[in-house]
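# Reading the structure
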Amino acid sequence: MVVRVLLKVALLGLFDALAVYWCVLFLWDGNWTFLAVTAGGTLLLNWLVLSSRSYPLRYLFPGLFFLSLMVVYPAGYTFYISFTNYSTGHILSKDEAIGLILQRTYSPTPSVSFQFWAFGEEGKLYGLVLRGEEDTYFLLPDGQLSSLKGHELTDHDGDGVPDELDGHPRLTRRELFQNIERLQTLRVPYGEGWLRMATLTEFRLYLPQYRYNPGKDILVDRKTGKIYRPVEGKFVADDGAGIDPGWVTFVGLRNYIRFFFDPRYHKAFGRVFLWTVEFAVLTVGLSFALGLALAILLNDRKLRLRKLYRSLLIVPYAIPAFISILIWRGFFNTHVGLFNQALQNWLGTKVPWLTDPFWARFSVVFTNVWLTYPYMMLISLGALQSIPGELYEAAAIDGAGPWQRFTRVTLPLLMISLAPMLIGSFAYTFNNFTLIWLLTGGDPVVAIGERAGATDILLSYAYKLAFQGARGNEMGMASALAVNIFLIVALVSGISFARTRMLEEVSRGM
Amino acid sequence: MRRWLVVTLLVLGASAFAATPGKLLIWCDDTRAPVFEEAAKAYTEATGIVVEVVEVPFGEIRGQFITAAPAGEGPDFIIGPHDWVGELAASGVLAEIQLPDDLKDNLDSVSLEALSYGGKLYGIPYAREGIGLVYNKALVPEPPATWEELLALARKLTDPTVPQYGFVVQNPDPYHFFPFISALGGYIFGKTPEGALEPCDVGLDNAGAVAGMEIMDALFEEGLLPAGLDWNTWTGLFSEGRIAMVVTGPWAIRIAKDAGIEVGVAPIPSLPAPESPWPPEGIDLPVIPDPAHPDHFFPRPFVGVQGVMISAYSPNLPLVEDFLYNYVFTKEIMLFLYELDPRIPTFLPTYEEVAADPIVKGFAESIKNGIPMPNIPQMSAVWGAWYDAMALIGNQELEPADALHQAAENIRETLGCK
Amino acid sequence: MACRRKVGFWTRRFVRNLLAWVAIAFALFPAVFVLGTSFNPANNLSTTRVIPRNPSLANYFELLFRQPFPTWLWNSVKVAGISSFLSVSLCALGAYAFSRFRFSGRRVGLLTLLLVQMFPQALGMVAIFLLLKRIGTYMPWLGLNTHPGLILVYLGGALGFNTWLMKGYFDTIPRSLEESAMVDGATPFQAFRWIILPLARPILAVIFVIQFITLYSEYLLASILLKGEKMYTLAVGMRIFIGEHYRDRWGIFAAGAVIGALVVLVIFYALQSQIISGLTGGAVKE
């Protein structure tokens, strides 16, 4: 016992030492978020280990730790994004955006340019000669510009191209390339701007295009004198012209308001919502019925080969979903699909599986049942193991038939552990973007310009609205939609909970 | 799903590969990568400058570039189609290009125009492409010279129970239907007197567009043209020799070759006008009459131009120009590019070299009357509604006039023209 | 009488087997086409015939010897295996607490677990990416493009729906067993480890299989966190074959799916006896 306590304290001490080390490191880097998380986490852990009141939490802590890090935190971040204008052209902070804009230059017209030659030995740069229309300069490799006076420039063959400078030969093309990195980054102050290498033979004058006035928070275009003011995360002039990039800024509830009040967004919402619920309920209901039936069938010890059967029945689950979805899509193909080929041969008819709204929905549910029932079978199989055989025997003695035994004994007992799984499965199906996207892409079209097709679910509809609109990728909008969808799913699930009286089961502690 | 990822990555602005001074960085898809690697090797040999070619999936280049470039994390240049130019240039991420005269004279002038936006050049074209009539030589020895011949041939060769089809067009798909919309006078955006595109002049529901789609609608109705025939379906059928004629582009040639199908390429025959004279009096439609057949008009497919676009944020502009002008736009490299990506070269010395190829010639002929796909950002408001209209026409749920009218109205509304 | 019972027995047996085979046919027939496509050198996704025109093993050969496929397979098995094992452990710990202890916030906690996991994860990826990027600056082995980092992310899903399933199972194990052990001086943890866990083996196996299969074919997170062919998992790597512009290689893709699915089937087959062991372990029941 003493050894255990000692061991516990020693391990905790070791962990704390490590945590302190990390904290110092984070402090050094000024990484406040990480510092707070580490310090808070360590304190929590100490409390967990040392306080007896927290005993149950010790079991939960490891799981909760990962849950908060990888699920709760990202969800919170999404929530935060939903109040911003995060989107194409608005992904930087304001300071970063201004920094980038201030780097912008322009070459004045008419341009001021200088032909240049570099001199030195064996690739080692001695200096450059810049020859403009009026002046010729000498430029040191470190960017210092001076007059050519006092330097000797010789042109041996008289072709107008100088060959030597102060006895240093002109660099060959290859030697020039060896110095290109340094030359390209040179910014030589000249007049109001600077000279910079523009081509392999020319330096040109560039002027900074914008001036930022921090007091007034405005940008001035030095070329045109136009004034830009910040409007919703972007500098915009009075005539509506804007400067990219913009930055991320809070827009309050705008993303939410747009969804609820802009007719373009909510026109199809009701229809899509209804279908999404239908889709999820049908999938879960049918696949659970099938999965449970198979689990019961295969739980029978009298059935030989049941081990093989079970393995074969799990196949749909073992193939990565995205390939089987594509295979099903092929089956449903109106022209060359297996189903229509068979129908054509036997009945001389064809069914518009993916182009008619009803059949497309049928196909979606059908495929999803195929994809989902092995999971249902597995969890049913697992839950069935917890039902004591004695219960069946007792029921059988009482004269209950197989069906009665199923509805009175098996099902109620199973539902205790499976109801949450079914609700979870419902939530998963509700957001099964992959299936819809790969099988139908939301098609068939219902009405022109409505964006949502007959099989679009809320999430795929949200995706189309946020990422396939005329305004690029609207992450803020997408996040707001995600939050809405989450609230809907949570609400629907909460209601189902109340219905199945799970809460009472939990509170009674079973 | 993939797009979802793209979106995420793009929002993160996370690209592990950023341009650095003194080293060139190129983003292109896997088709073009080997060519630029070849040119890069020569350049490194001659100058010692390292050129890195990073393969970025085609669908992700534009999105990643637009976010990565301003953050200083983009490449020096990218390879892409001309319809990116409007959005990229408007976002300020493309450098204006001033071509040396000798190179300019060696490039196809229509292609240069396609890569311009607001009167400035933002890309160097290397290939142009468009769709034409691709036919299986085993089923169609000689391409039909007229629309009537095409129909007769299609009727003879179609048997949906096999299934075998005489003439197909990928659908629902706005792009592949544009030649039929444009033939009798339909268009996307009209032009201002200065020649710039006018986004509020939407010509998708004019008399010409409706007349053209009526012809296609009749084919759907007759069961000649299968509705809902997507890329995967028809290429599968084509590979098995079950499609005689299809409206498609150079990108499908390779699939035919892989399957051992011998194909020919011809222009889509001119379409008959519903009434004479066409256009009806008092209406002005941009049509090109077929001199060989009275009252027939040439289909005008979209022309797409592939080009090199330079980042406005590249720290290596002098090197980029040197590399492109002297090591990429050469006859040999352009020929190599053509071999891997058999689109029609815009670099004229290379074009002359390959013009003897019947496939190149067929496509070049087909897009002779073509229209550059609009490269203004407003185009993104067009596709969705247009697609919807094509789908509903194909499924026989709406008449062409209604469908096109609703789509055009929707586009006008989205663009704020009403 | 005996004769009729015997007939009834045989009929029932026949019907049962028949039903099983009908279900298997339903389960397998799309898989049969994947198998067929995998032998098709023509690389198109044929859904009209099972046996391709010129069947060959070329796709398998290409996959196993010319592509980094074996590496992907190993990566997937490793990542999914370790994550699932840890997940099941964390899940069991949590479920034990919910099943055996009474503490304030227990009811709400259980519900919260369920609701939190309902958040559309696809949108939280941005945050996960940034988080891992920052962790990586301090601990490179746990950052972006590392398998431990990916495992770390997967562990976020350890507590959730499965905790409910496990708790439900724990609830059916009589408390008297642990109580008697604790009378003998065992701590609650020892009771958990040596009494509850062995009895709960079927459900542990079920949850392990569920987790393994889910993570084994997980695509979204893996594809944004892993870069470079050597690091890819199966799902991410295979996407190369069908992700490119107009150049889908269905044959190889299908061959990959076949091999990938076989691994899962083998693991499931091996674990099956664990799943049904609860049935025979009747001695533990009261």
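Residues numbered from 1 in each chain as written. Chains lettered and ligands numbered in written order. Predicted model: local features only at pLDDT ≥ 70, side-chain atom pairs only at ≥ 80, totals over all residues. Heavy atoms only, no water.

### Quick notes on the domain arrangement of chain B
Residues and elements named next belong to chain B. Considered domain by domain, chain B is made up of domain 1 (24-128 + 304-371) and domain 2 (132-300 + 382-414). The C-alpha centroid of domain 2 is placed 29 Å from the C-alpha centroid of domain 1. For the pair domain 1 and domain 2, the two sides together bury roughly 1,200 Å², of which 69% comes from carbon and sulfur. Of all residues in domain 1, the largest losses of buried area upon contact with domain 2 belong to Ile359, Phe363 and Asn369, amounting jointly to 48% of the total for that side. Here domain 1 is connected to domain 2 by one residue pair in polar contact (both at pLDDT 80 or more). Ranked by residue count, the leading element in the side of domain 1 that touches domain 2 is helix 15 (residues 358-366), at five residues. A breakdown of the residues in the side of domain 1 that touches domain 2 according to their chemical character gives five nonpolar, four polar and one charged. (Domains from an automatic or database assignment. Buried area = accessible area lost by both parts, 1.4 Å probe. Polar contact = N/O pair within 3.5 Å; in protein donor to acceptor, adjacent residues only side chain to side chain. Helix = DSSP H or I, 4+ residues; strand = E, 2+ residues; numbered from the N terminus. Nonpolar A, V, L, I, M, F, W, Y, C, P; charged D, E, K, R; others polar.)

### Notes on the state of the cysteines
Residues and elements named next belong to chain B. Throughout the structure, instances matching the rule amount to one disulfide over all chains. Disulfide pairing is shown between Cys200 and Cys417; the S-S distance is 2.0 Å. Of note, the bridge from Cys200 to Cys417 carries an S-S torsion of about -85° and is left-handed in sense. Of this pair, Cys200 sits in strand 10 (residues 197-202) while Cys417 sits in the segment after helix 17 (400-414); the two residues are 217 residues apart in sequence, bridging distant segments of the chain. (Disulfide = S-S within 2.5 Å.)

### Re the interface of chain A and chain B
Listed by partner, the interface residues are 44 residues for chain A and 57 residues for chain B. Here chain A packs against chain B, burying approximately 4,100 Å² in sum over the two surfaces, 59% of which is carbon and sulfur. When the area that chain A buries against chain B is broken down by residue, the three leading residues are Gln184(A), His335(A) and Ile448(A), summing to 17%. Joining chain A to chain B, the criterion identifies two salt bridges. One salt bridge connects Arg173(A) with Asp322(B), and the closest N-O pair in it is separated by 2.9 Å. Along the contact surface separating chain A from chain B lie ten residue pairs in polar contact (both at pLDDT 80 or more). At the level of secondary structure, the elements contributing two or more residues to the side of chain A that touches chain B comprise helix 5 (173-178), helix 6 (180-185), strand 10 (193-199), helix 12 (321-332), helix 13 (338-346), helix 17 (433-439) and helix 18 (458-467) of chain A. No other element matches the four residues that helix 6 of chain A contributes to the side of chain A that touches chain B. Class assignment for the residues of the side of chain A that touches chain B results in 22 nonpolar, 13 polar and nine charged. (Contact = heavy atoms within 4.5 Å. Salt bridge = Lys/Arg side-chain N within 4 Å of Asp/Glu carboxyl O.)

### Looking at the nonpolar core
Counting residues in each nonpolar core, the largest one holds 206 residues, and the members touching the most others are Leu313(A), Met166(C) and Phe170(C). With 15 residues, helix 13 (residues 250-280) of chain C is the single largest residue contributor to this core. Look past the residues within four positions of Met166(C) in its chain and what remains in contact with it is Val88(C), Cys91(C), Ala92(C), Ala95(C), Ile203(C), Leu204(C) and Ile207(C). Core analysis: the next-biggest nonpolar cluster, separate from the first, contains 176 residues, Ala89(B), Val202(B), Leu337(B) and Met390(B) among them. (Core = buried A, V, L, I, M, F, W, Y, C linked by side-chain atoms within 4.5 Å. Buried < 20%, exposed > 50% of the residue type's maximum accessible area, 1.4 Å probe, protein only.)

### Brief notes about the domain arrangement of chain A
Taken domain by domain, chain A consists of domain 1 (2-81), domain 2 (105-208) and domain 3 (258-509). When each unit is reduced to the centre of its C-alpha atoms, the spacing between domain 2 of chain A and domain 3 of chain A is 70 Å.

### What to know about the environment of Pro148(C)
Residues and elements named next belong to chain C. Along the polypeptide, Pro148 turns up in helix 6 (residues 147-154). A sequence separation of ten residues divides Pro148 from Tyr138, and the C-alpha atoms of the two residues are 14 Å apart. Apart from the residues within four sequence positions on either side, Pro148 is in contact with Trp141 and Leu142.

### Topic: a negative patch on the surface
A cluster of like negative charges, contributed by Glu214(B), Glu221(B), Glu399(B) and Asp402(B), occupies part of the molecular surface. Within the secondary structure, Asp402(B) sits in helix 17. (Patch = residues over 30% accessible without salt bridge, like charges linked within 9 Å, V, L, I, M, F, W, Y side chains within 5 Å. Areas by Shrake-Rupley, 256 points an atom, 1.4 Å probe, with all protein chains shown as cover. Lys, Arg positive; Asp, Glu negative; His and termini not counted. Charge placed at Lys NZ, Arg CZ, Asp CG, Glu CD.)

### Notes on the pairing of strand 6 (residues 124-129) of chain B
All names here are of chain B. The buried fraction of strand 6 is high, at six of six residues. Relative to strand 15 (residues 302-310), strand 6 is paired through five bridges, and the arrangement is antiparallel. Bridge pairing in strand 15 links Glu129 to Gly304. Taken together, the two bridges between strand 6 and strand 16 (residues 344-345) define a ladder with antiparallel strand orientation. Bridge pairing links Ala127 to Pro345 in strand 16. (Pairing = 2+ DSSP bridges.)

### With respect to the environment of Phe260(A)
Residue and element names in this part refer to chain A. Position of Phe260 relative to the elements: it lies in helix 7 (residues 254-261). It is 38 Å that separates the C-alpha atoms of Phe260 and Gly330, two residues lying 70 residues apart in sequence. What Phe260 contacts, discounting residues up to four positions off in sequence, is His266 and Asn484.

### Overview of helix 12 (residues 317-328) of chain B
Taken across its twelve residues, helix 12 of chain B has nine buried, putting it largely inside the fold. Among the residues of helix 12 of chain B, those classed as buried are Pro318(B), Leu319(B), Val320(B), Asp322(B), Phe323(B), Leu324(B), Tyr325(B), Tyr327(B) and Val328(B).

### Here's the deal with the packing of helix 9 (residues 207-222) of chain B against helix 16 (residues 382-394) of chain B
Residue and element names in this part refer to chain B. Helix 16 packs onto helix 9 with a crossing angle of 40° between their chain directions and a minimal axis gap of 9 Å. Considering their axes alone, helix 9 and helix 16 lie oblique with respect to each other. Of helix 16, the residues touching helix 9 (which contributes Met213, Asp217 and Phe220) are Met390, Ile393 and Gly394. Here the contact of helix 9 with helix 16 is composed, by residue class, of four nonpolar, one polar and one charged. (Axes fitted to C-alpha atoms, helices over the stretch in contact; angles between N-to-C directions. Parallel < 35°, antiparallel > 145°, perpendicular 65-115°, else oblique.)

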